Amino acid sequence: MSIVKLAPSILAADFARLGQQVAEAAQGGADRIHVDVMDGHFVPNLSMGVVVVESLRRVTHLPLEIHLMISAPDQFFDEFAAAGSDSFLVHWEGNNNLHRTVQRIRTVGRRAGVVINPATSATVLEEIVEDVDQVLVMTVNPGFGHQEFVRTTLPKIGRVRQLIERRHPECELEVDGGIDATTAPLVVRAGATVLVAGSAIFGDRRGVGAAMNALRTALKNTKRDTEAAERSALQRSQ
Ligand code: DX5
Ligand code: ZN
C-alpha cells in the first residue's frame, strides 16, 4: 500500500500570516496544499480566489491543488493555471458536462480530479474514473471547515477503492472534511491515499508541525493495527 499523503487545507489557516503557515506545513512534510475556492452559490460560503494562489506560488514549491466549489468552474481554469495551480478538483454535483470540464483541465495541462458529496453514490464515478488523476470523496458537506466527519462515507470510500482498483489503479483516492487523528486511520483503512485536513492541522494549539506529526503517528498505528490483525488472522488459520 502506498504511503498516505497529507494535503493541509489553508481554509483553517491564519490568513494574516499565510506564507508562514504554509512554510510550517511544508516543513512538517505536507505533500501538497489544498486551496478551497467557494462562490457563495454552489456552497453557502465565500472563500478565496486567484490572488491567493498567485501569492502562495511565490512562497512555496509544494503542488497547489484547487478545490473548486463554484457553479461555473470551466471559466476559471486559465486564470488559476497561470497563477500557478497544479491540479483542479471539480464536483460531479451540478455539472452536466463533467467530461468536457475534465478535458478543459487537460487543455491547460493540469491534473484533474472529480469530487463527490456525502450523499452522492460512488457509482457516478464509473464513467469518469478512467479520465481523472484523483477522486475526492467529501467526508463532510462542502462549504465550511471544522465540521463533523460523516461516518456513512466510510463504506463508500471502500466502494470507490474497489472501483479504482478495477478501472484505474493509479488514480488517487482523497478524502476531505473532519479528518483528524481519530478519523484518519478509519479512512485509510477504508482505502484513502490522500488526506485533506484543515482544522486538525492549522487549528491545533501545539502548532502545525506537531499536528502533522500527530496525524502521521495515528496512521503508523493504523499500519501496526493492520499488521497485527493480519498476523492474528494468520495464526487462527494455522
Ligand atoms: C470544506 C472544504 C475542506 C475544509 C476541511 O468544504 O472542502 O477542505 O477545509 O476542513 P476540516 O479539515 O476542518 O474539516
Ligand atoms: Zn476542500
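Placed above this text is the structure.
Residue numbers run consecutively from 1 along every chain, following the written order of its sequence. Think of it this way: whatever chain is written first is A, whatever ligand is written first is 1, and the rest follow in order. Owing to the predicted nature of the model, reporting of local features is limited to residues with pLDDT of at least 70; listing and counting of side-chain atom pairs is limited to 80 or more, with chain, interface and lining totals taken over all residues. Here the side-chain values reflect all heavy atoms present in the structure, with hydrogen atoms and water set aside.

Some thoughts on the layout of surface pockets
Definition in use: Method remark: on a 1 Å grid restricted to protein atoms, a set of points is classed as a cavity if a 1.4 Å probe fits but cannot get out and as a pocket if it is open with protein on both sides within 12 Å along at least five of seven lines; lining residues have an atom within 4 Å of a point. Grid points are joined across faces, edges and corners, and a volume is the space filled by probe spheres set on the points. Secondary structure elements are taken from DSSP: a helix is a run of H or I of four residues or more, a strand is a run of E of two residues or more, and numbering for both begins at the N terminus. Classes in brief: Ala, Val, Leu, Ile, Met, Phe, Trp, Tyr, Cys and Pro nonpolar; Asp, Glu, Lys and Arg charged; the others, Gly included, polar.
By volume, the second largest pocket amounts to about 370 Å³. At the level of elements, β2 (33–38), β3 (64–69), β8 (194–197) and α7 (199–202) are the ones that each hand at least two residues to the lining of the second largest pocket. Here the lining of the second largest pocket is composed, by residue class, of 13 nonpolar, twelve polar and four charged.

Points about the sheet that holds β8
Paired through backbone hydrogen bonds, the strands of a sheet run either parallel or antiparallel to each other. Where we set the bar: Strand pairing is assigned whenever DSSP detects at least two bridges linking the two strands. Interaxial angle, 0 to 180 degrees, is taken between N-to-C directions of lines fitted to C-alpha atoms, where a helix line uses only the stretch in contact. Any two residues whose heavy atoms approach within 4.5 Å at even a single point are treated as in contact.
Reading across the sheet, the eight strands line up as β1-β8-β7-β6-β5-β4-β3-β2 and stay open at both edges, with parallel pairing between neighbours. Here the strands that pair on one side only, and so sit at the sheet edges, are β1 (5–8) and β2. The mean angle between the axes of side-by-side strands here comes to 25 degrees, regardless of whether they run parallel or antiparallel. One ladder, built from five bridges, connects strand β6 (residues 134–138) with strand β7 (residues 172–176); its direction is parallel. The residue bridging V137 from the neighbouring strand is V175, located in β7. Of the strands in this sheet, β2 and β3 are in contact with helix α2 (residues 50–59), which crosses β3 at around 170 degrees.

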